[in-house]
Each structure stands twice: as structure tokens, then as C-alpha cells.
Amino acid sequence: MHGWCLQRRNACTESSLQDQGEPVSADRLQAKSFPVNPNMVASALVLGASRGIGRQVALTLARAGYQVGVAAKTVQDSPKLPGTIHTVSNEITSGGGHALPISCNVRNPEEINNAVSTCIREFGGLDFAVYNAGAILWEKVIDTPLKRFDLMMDVNVRGAYVMLQAVLPHMLERKAGRILLVAPPIYSRFFKGKTPYAVTKVGMTVLVHGLARELENTGVSISALWPATTIESHVTTVKGVPPAYFRKADVFADACLAIGQEPTERLNGQALIDEDYLRSLGMTDFSRYQCEPGTEPPRIMPRHFPSLRVQEEDQVTIPDSKL
């Protein structure tokens, strides 16, 4: 397997895909390797990897040469909820990749800590941590029971927070690492009709923006990533959504891979959109991601997002105050 360069290896002197001035294909994203120690294969942990986006992220990282910790709650397949950590791991190993299935209920901090420590122990380190686990209910405040709100808070915000606290000591000690949370840019329309859910997802984005400041010049960076269109999943299948309305999960996974192999800290604190980020690298043809050949699905995300910065961004009005 190819090793993939992250900052800790100091062997990466090649410029990013964007800087080369060439159109970028998804195949090139996976074929671009760097001159690294062959005994130091990059490693990743994907939390929420049993199906959908998480499954595809794990597969894409493995094809790129990563050793992958495949972590999720589902360990037994069922007709109503297909996909487990074992089925995904088998897909990876049957293709020649290296996968480690890890049972992990993200509502249990001990299980997240175990997933992280297991990857570090088995892989010899952890280069890339992806938090894809999620709970969802798109309802108004009055129609969202507290129990469901607590579930979303636990899985979305609290689980991500626990993962961060688990991976940071290791990455900071090594002065290298990439962290990705599946969370959206912050904008007002996202709150409409699903405020309880939005509270939890935006909370993840606040973690990205805030932690990024703490990580400046450490060699470790954190980013958020969100899809531009609806993505093919178990839900789209069950709901009978026409294929013309969504893309394959590969588009999100390819963006995830590019973020993980970014050798600089330029993405630290950024909330990115998969298509927009891939376009920024030079990709122009997205037809391979179409679920209905010849039909581009409608974009569900805005083209532009508001800045959260204020003129007084770095102004301190009261000494030792965090206002």
C-alpha cells in the first residue's frame, strides 16, 4: 500500500493539487502519493462507518492506502438496517486494504476512547479522525420530544467533543494530524423547520471554528465538511427518492480524502462543501457521481455563506476576558 503524506513525516515537499494548475480527477485524488517511509502507512479512524457516507469514506481512505478503523454501533446486519462494521471491513480487506472493525456506541465516552486508543495501538499512530456519526430528526421545536433532542445532542455534539478530547493529546504530541467533523457551514436557512437538529449540527461547526484557534501552528488542523446535494443512502432508498435527486457518496468521500492528505494547515477552521472544495482543487467533471447518468442533482446548499467574523475580531476590551 502507498503511504500518504501528513505533516509529521517531513518528507512531503510536493505542492497541493490546486497549486499544480491541472484539472483534477477523482482518480488522481487517490493516485497521488508522496515519498514517505514505506514502513509508515497513514492511518484513519471513521466513526459512523457502517453505511452511507461513513462506509464510503472508509472505503475511499482504504483504497488510498490508509489503515482504517471502521467504528460504529451496528455489529449485526438486518434487513431494516443493512451494513455493519464487519461488512465494511470485509469490503476493504477483500480489496487488499487494511481495516479494523471497532464496536463503538458514540453515546458512551469509554467506547469512543477505546476506538481511538485501539487505532493508535494497532496502527502505531493516528493521522486522520473523521466523525460521521449522527442522529437526525427534522421537526419543529414543539414536535421534538426532549428524549429525541437529547439523543441528537449526545450523538452529534457530545460524541464529537469526546472524540476530539481523545485524539488531541496524541496528535498534539506528534505535532501532526487532521480532524474532520461532518457538519454544515452556519447560515440562517439551515435552522428553518428543524431547529432542534440544527442546534446540534451547528454546535459541531462551532467546535470546528473555536478549536481551530487553539490549534494554530500546532501541526494539527480541524475542518467541517457537508454535501452540496442530497447523498445516496439507506434513507433515500427507503423513502423512494428518485436517483435524479442525489449523488453517490463517493463525492463526499473524495473531498474527505483530499482534506486528509492536505499537507498544510490552510483548511484549519474551515467549514467546507464537498463539491465546492473539489472545484477549488481543479475538478470540473462531476458526472461520475451522478446516480442517474446524465442528470445533475439539484444543489441543496447556498452558493455563498455569510462570514462570522466581526471588525473587532482581535480586539480585547477587557483584559483576560473571553468576550
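This structure is a prediction, so every number in the text was calculated from the model and none was measured.

The rules behind these values
- Residues numbered from 1 in each chain as written.
- Predicted model: local features only at pLDDT ≥ 70, side-chain atom pairs only at ≥ 80, totals over all residues.
- Heavy atoms only, no water.
- Helix = DSSP H or I, 4+ residues; strand = E, 2+ residues; numbered from the N terminus.
- Buried < 20%, exposed > 50% of the residue type's maximum accessible area, 1.4 Å probe, protein only.
- Contact = heavy atoms within 4.5 Å.
- Pairing = 2+ DSSP bridges.
- Axes fitted to C-alpha atoms, helices over the stretch in contact; angles between N-to-C directions.
- Right-handed = clockwise from strand over helix to strand, strands pointing away.
- Arc of directions from axis to C-beta.
- Polar contact = N/O pair within 3.5 Å; in protein donor to acceptor, adjacent residues only side chain to side chain.
- Core = buried A, V, L, I, M, F, W, Y, C linked by side-chain atoms within 4.5 Å.
- Lys, Arg positive; Asp, Glu negative; His and termini not counted.
- Salt bridge = Lys/Arg side-chain N within 4 Å of Asp/Glu carboxyl O.
- Phe/Tyr/Trp six-rings, centres within 6.5 Å; stacked < 30°, edge-to-face > 60°.
- Lys NZ or Arg CZ within 6 Å of the ring centre and 35° of its normal.

### Notes on the overall build of the protein
So, point 1. Broken down by element type, the protein carries 9 helices and 9 strands.
So, point 2. Burial analysis of the protein (323 residues in total) assigns 51% to the buried set.
So, point 3. Taking the contacts inside the protein whose residues are at least 6 apart along the sequence as the reference set, 72% of them involve residues at least 24 apart.

### A look at the sheet that holds strand β3 (residues 98-103)
So, point 1. If you trace the 7 strands from one edge of the open sheet to the other, you get β3-β2-β1-β4-β5-β6-β9, paired in parallel fashion. The sheet terminates laterally at β3 and β9 (271-273), the two strands that pair on one side only. Neighbour to neighbour, the strand axes of the sheet diverge by 20° on average, direction disregarded.
So, point 2. Taken together, the 4 bridges between strand β4 (residues 128-131) and strand β5 (residues 177-182) define a ladder with parallel strand orientation. Bridge pairing in β5 links V130 to L180.
So, point 3. Lying over the sheet, helix α5 (residues 146-174) contacts β1 (43-47), β4, β5 and β6 (220-226), oriented at roughly 175° with respect to β4.
So, point 4. Strands in contact with helix α8 (residues 250-260) are β4, β5, β6 and β9; relative to β6, the strand with the most contacts, it is inclined by about 165°.

### Notes on the pairing of β5
So, point 1. A large share of β5 lies buried, amounting to 6 of its 6 residues.
So, point 2. Residues G177, I179 and L181 of β5 are buried on one face, and the alternating residues R178, L180 and V182, pointing to the opposite face, are buried as well.
So, point 3. Taking the sense of rotation as the criterion, the β-α-β connection linking β4, α5 and β5 turns out right-handed.

### Quick word on the pairing of β1
So, point 1. Counting buried residues in β1 gives 5 out of 5 residues, a clear majority hidden from the surface.
So, point 2. Neither face of β1 is open: one carries S43, L45 and L47, the other A44 and V46, and all of them are buried.
So, point 3. Pairing analysis gives 5 bridges linking β1 to strand β2 (residues 67-72), with the strands arranged parallel. Bridged to L45 within β2 is G69.
So, point 4. After leaving β1, the chain enters helix α2 (residues 52-63) and then returns to the sheet as β2, a path that is right-handed.

### Quick word on helix α3 (residues 85-94)
So, point 1. Among the residues of α3, I85, V88, S89 and I92 are the ones counted as buried. The buried residues of α3 all sit within an arc of 100° when viewed along its axis, so they share a single face.
So, point 2. Those residues of α3 that are buried lie in contact with α2, β2 and β3.
So, point 3. With a side-chain oxygen lying 3.1 Å from the backbone nitrogen of H86, the N-terminal cap of α3 falls on T84.
So, point 4. Backbone geometry just after α3 places G96 at a positive phi near 95°.

### Looking at the nonpolar core
So, point 1. Counting 93 residues, the largest nonpolar core has L47, Y131, M163, I179 and L181 as the members making the most contacts within it.
So, point 2. With 11 residues, the top contributor of residues to this core is α5.
So, point 3. With residues up to four places along the chain from it excluded, the contact list for L47 reads A71, C104, V106, I112, A115, V130, Y131, N132, A133 and M163.

### Structural notes on the side chain of K194
So, point 1. Mapped onto the fold, K194 is located in the loop between β5 and α6 (195-214).
So, point 2. Of the side chains bearing the opposite charge, E139 lies closest to the buried K194, which forms no salt bridge; the N-O distance is 12 Å.

### What about unusual backbone geometry?
So, point 1. Of note, K175 is a non-glycine position whose phi angle comes to about 60°, a positive value.
So, point 2. By secondary structure assignment, the location of K175 is in the loop between α5 and β5.
So, point 3. Positioned with a positive phi, N217 is a non-glycine residue whose angle comes to about 65°.
So, point 4. With respect to the secondary-structure elements, N217 resides in the loop between α6 and β6.

### Topic: the packing of aromatic side chains
So, point 1. What the rule picks out here adds up to 7 aromatic pairs.
So, point 2. Ring centres of Y66 and F128 lie 6.4 Å apart, and the angle between their planes is 50°; on these two criteria the pair is classed as tilted. Pair noted here: Y66 is in the loop between α2 and β2 and F128 is in strand β4, with a separation of 62 residues, a long-range link.
So, point 3. By way of ring pairs, the aromatic residues W138, Y187, F190, Y197, W226 and F305 are connected into one cluster.
So, point 4. K194 extends its terminal NZ or CZ atom over the ring of W138, reaching a point 4.8 Å from the ring centre.

### Observations concerning the side chain of H170
So, point 1. Turning to its location among the elements, H170 is positioned in helix α5.
So, point 2. Residue class for H170 comes out buried when judged on its relative accessible area of 14%.
So, point 3. Discounting chain neighbours no more than four positions away, the residues touching H170 are I120, G125 and L126.

### Focus on the pattern of salt bridges
So, point 1. Using the criterion set out here, one finds 10 salt bridges in the structure.
So, point 2. Measuring nitrogen to oxygen at the nearest pair gives 2.8 Å for the salt bridge that ties E91 to R55. With E91 in helix α3 and R55 in helix α2, this residue pair connects regions lying 36 residues apart in the sequence.
So, point 3. Between R121 and E122 there is a salt bridge, and its shortest N-O distance comes to 3.4 Å.
So, point 4. In this structure R121 comes out as exposed when scored by relative accessible area, which is 56%.
So, point 5. One salt-bridge network, in which partners are shared between bridges, spans R247, E275, R279 and E296.

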